[in-house]
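Here are the chains, one letter per residue:
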Amino acid sequence: MSIQNTLRALADPTRREILSLLKSGKLSAGEIGGHFDITAAAISRHLSVLKEADLIFDSREGKFIYYELNTSVLEEILLWISDLKEADHHD
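Predicted model only: the values in this text are computed from it and were never measured.

What counts, and where the lines are drawn
- Residues numbered from 1 in each chain as written.
- Predicted model: local features only at pLDDT ≥ 70, side-chain atom pairs only at ≥ 80, totals over all residues.
- Heavy atoms only, no water.
- Salt bridge = Lys/Arg side-chain N within 4 Å of Asp/Glu carboxyl O.
- Helix = DSSP H or I, 4+ residues; strand = E, 2+ residues; numbered from the N terminus.
- Buried < 20%, exposed > 50% of the residue type's maximum accessible area, 1.4 Å probe, protein only.
- Contact = heavy atoms within 4.5 Å.

Caption draft 1: A look at the pattern of salt bridges. Tallying each qualifying case throughout the model produces two salt bridges. The partner of Lys51 in a salt bridge is Asp58, with the nearest N and O atoms 2.9 Å apart.

What follows is the structure, encoded as structure tokens:
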């Protein structure tokens, strides 16, 4: 996992909102796009960045592609941040 890719992906508020939407389960790009006032191409770019950072993965069902959170990568990030916080308290 590249923490740099992950942090870059998380830096954007739209991408953070996409991750929040996916907390409740998998969604298609169209369903995700319905929550935003931006173009389908922009949604697609955001989804690509999230995929490159391994924060989400996709699966094809019929003619639709659904996106889901990759919880294992999110857990790694939380552990990393937790370790940083613990190190800060051991001064």
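There is more to say, and it comes next.
Caption draft 2: A look at the side chain of His46. Note that His46 resides in helix α4 (residues 40-52). We classify His46 as buried; its relative accessible area is 13%. Discounting chain neighbours no more than four positions away, the residues touching His46 are Asp12, Thr14, Arg15, Ile18 and Ile38.

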